[in-house]
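Next come the chains, spelled out residue by residue.
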Amino acid sequence: MNAMELKQLSHLYKNGRGVREVDLAVETGEVFGFLGPNGAGKTTLIRTVLGLLRPTAGEGRVLGLDIARQNRELRRGVGYLPSDPALYDFLTGQQNLDFALAVRGVRDRSRARALAERLDVDLKRRLKTLSRGNKQKVSILIALAHDPELLILDEPTSGLDPLMQEAFQDLVREEQGRGKTVFMSSHVLGEVEVLADRVGIIRDGRMVTVDHVDHLKKTRVKYVSCEFKSDRPDLEKVAGIRNLSLDGRKAQFTFVGDLDPLLGALAGHGLADLTVADPPLEEVFRSFYEEGSGQA
Amino acid sequence: MTLFWQHFRAQRNGLFIWLAASVVTTISVASAARSMEQSDLMSKLGQAAPPALQALMGTLPGLSPVDGFIQAKMGTGMALILPVYACLLAMSAITREVDRSTADFLLTLPVDRTRLLLDRWGVMAANLAILTLSVWVALVAGLKASQVIGSFGGYFWMLAQDWLLAVTIGSLTLLVSLWIDDYSLGVKAALAGTGTLYVIDLGMRVAGISKWGRSFNPFTYVDAARTVMDGHLPWGDAAVLAVASGLSLWLAVQAFGRKQIYS
């Protein structure tokens, strides 16, 4: 069973923006990275899945439960971390935690205590006196404390210092190791690259690709470096080449697309050296966006 | 009951402030009642006024000077104060949660929206009841301390009627609040609306417009002088308020079930 399965799911605002016809299957036990810049529809999709917004079309199931008709039940098995900590700031961290656990009917507080210790969370102070990073730690604790089957994390490390970001990444890996599913929206691509098995990229409300991180990096964009024995060809005319840097007989560029036409264009010009490397995820991500804005 | 007590605690400081202000005011009014017992100046002044103004001044024929004074100051006063408090409580129920984004936290927990709204309404009704009962206790204690004999039972029903009015206005406000996501704007709109209804009712009563002509207005169904005189709730009017309150709550439950929470 997939932890999350969306079929043609849409939520459109009155201005026509939102998310459109999203098809997605997140497998149980995987860490899924959900990428897109601000305004692409990441948060709208998450809010629709969690029942804060109603689908305008399509359907979805989370943990086997219908997102429109069984949303309350599905929220029992979900831990949600919003992009901005939205807890009761007139209460202490402990009071916020106690409230969330009481509503969830969780009596055993041992996991919450262990997590609080590990995240070094100050639970005694009122939220309004805490920094954004410390509020975020309380939010992470509340999202994890009831041991959810599915974690939905919206920009999870915003506000966390680098050490705590590492601690958080360890936590995510551990949750995955325990068979939990993590759905993580982010525009911190390095973090997604490190943690996610697969990523989905959303652009203007539409899911433009869903693929394994490694496969995406291998097939989508390449870093190419080449040196010619004599005059180099006119690389500017080759489709798919961008960020071209020329230095005498040497050329460096990123390439988007099928390698065959590129190799054809390079052949016959006396290649002295050729290196083709996988780029970081950021370059892959950018390629989808430049394609969408007509720059590719 | 977790949701009820969580919201009740959140409203606790506000309740203490309202209680302190109301109880102090009530004791002041009660201590002034003795001078009314010994003076018929007000009744002489009020005899030429129309009945609605006589009720406001506490000079209605058929009421003792003390009862007239108490219904004028407390019955009529609480008929405005309690609805004002009800507006604030109703706007705190959902609109403030949406405004400060805590609705995201609350509604992503496995809470049932109907239960949440009913609990929030229950907190509003309970806070208003605590305030109303405290005012009655302070009134009776203040009058007894001043050795003034009044219609204590009548005062209870007079205040109970004001409570029912406040619950009705709170329920209407709760319903309307579901289309308002800005707390500050919502409070202003609710207070302006309630104040307008109060003034309209007063103006129509002074102008002698029939109860049927004023039937759209919840304030129509409150008559402190009549309730003190009769010593019991006017059951027909109470039923109208109860039905209006129940209907508003039912509509609010339906609307909240469909409400979308935007970020």
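Located above this text is the structure these notes cover.
Basis of the calculations
- Residues numbered from 1 in each chain as written.
- Chains lettered and ligands numbered in written order.
- Predicted model: local features only at pLDDT ≥ 70, side-chain atom pairs only at ≥ 80, totals over all residues.
- Heavy atoms only, no water.
- Helix = DSSP H or I, 4+ residues; strand = E, 2+ residues; numbered from the N terminus.
- Contact = heavy atoms within 4.5 Å.
- Pairing = 2+ DSSP bridges.
- Axes fitted to C-alpha atoms, helices over the stretch in contact; angles between N-to-C directions.
- Parallel < 35°, antiparallel > 145°, perpendicular 65-115°, else oblique.
- Left-handed = near helix turned anticlockwise from the far one by under 90°.
- Nonpolar A, V, L, I, M, F, W, Y, C, P; charged D, E, K, R; others polar.
- Phe/Tyr/Trp six-rings, centres within 6.5 Å; stacked < 30°, edge-to-face > 60°.
- Buried < 20%, exposed > 50% of the residue type's maximum accessible area, 1.4 Å probe, protein only.
- Lys NZ or Arg CZ within 6 Å of the ring centre and 35° of its normal.
- Buried area = accessible area lost by both parts, 1.4 Å probe.
- Salt bridge = Lys/Arg side-chain N within 4 Å of Asp/Glu carboxyl O.

(A) Seen up close, the side chain of Lys222 of chain A. Structurally, the position occupied by Lys222 of chain A is in strand E11 (residues 221-228). Once you skip the residues sitting within four places of it in the chain, Lys222 of chain A turns out to touch Lys217, Phe253, Thr254, Phe255, Leu259, Val276, Ala277, Asp278 and Pro279 of chain A.

(B) Geometry of the pairing of E11 of chain A. All names here are of chain A. As paired elements, E11 and strand E13 (residues 250-256) share 7 bridges and run antiparallel to each other. What sits directly across from Lys222, in E13, is Phe255. In terms of strand pairing, E11 meets strand E14 (residues 271-277) through 6 bridges, oriented antiparallel. Bridge pairing links Tyr223 to Ala277 in E14.

(C) Just the packing of helix H4 (residues 110-119) of chain A against helix H5 (residues 132-144) of chain A, in detail. All names here are of chain A. The interhelical angle for the contact between H4 and H5, taken along N-to-C directions, is 150 degrees, at an axis separation of 10 Å. On the basis of their axis angle, the class for H4 and H5 is roughly antiparallel. The two elements H4 and H5 meet at a crossing, and its hand is right-handed. For the pair H4 and H5, contact is made by Arg111, Ala112, Leu115, Ala116 and Leu119 and by Lys137, Ile140, Leu141 and Leu144, respectively. Of the residues contributing to the contact of H4 with H5, the split by class is 7 nonpolar, no polar and 2 charged.

(D) Representation of the packing of aromatic side chains within the structure. Scanning the entire structure with this criterion turns up 16 aromatic pairs over all chains. A ring pair is formed by Phe99 of chain A and Phe105 of chain B, whose centres lie 6.2 Å apart and whose planes are at 70 degrees; its orientation type is edge-to-face. Residue Phe99 of chain A is found in helix H3 (residues 93-104), and its partner Phe105 of chain B is found in helix H7 (residues 102-107); the two belong to separate chains. Take Phe99 of chain A: its relative accessible area is 6%, and that puts it in the buried class. With 5.3 Å between their ring centres and 80 degrees between their planes, Tyr198 of chain B and Phe219 of chain B make a pair best called edge-to-face. Of the two residues, Tyr198 of chain B is situated in helix H10 (residues 183-206) and Phe219 of chain B in the loop between H10 and helix H11 (224-230); the sequence distance between them amounts to 21 residues. Per residue, the accessibility class of Tyr198 of chain B equals that of Phe219 of chain B, and both read buried. Taken together, the ring pairs connect Tyr88, Phe90 and Phe99 of chain A together with Phe105 of chain B into an aromatic cluster. Cation over ring: Arg96 of chain B sits above Tyr183 of chain B, and NZ or CZ is 5.2 Å from the ring centre. The ring of Phe256 of chain B carries the charged tip of Arg113 of chain B above its face, separated from the ring centre by 5.3 Å.

(E) Structural detail: the interface of chain B and chain A. Taken together, the 26 residues of chain B in the interface contact 23 residues of chain A. Where chain B abuts chain A, roughly 2300 Å² becomes buried across the two surfaces, and 62% of that area is made up of carbon and sulfur atoms. On the chain B side of the contact with chain A, Phe105, Thr108 and Pro110 of chain B bury the most area, a combined 31% of that side's loss. Inspection of the region where chain B meets chain A yields 1 salt bridge. With a closest N to O distance of 2.7 Å, Arg47 of chain A and Asp104 of chain B form a salt bridge.

What is shown is where atoms sit, not what they do.
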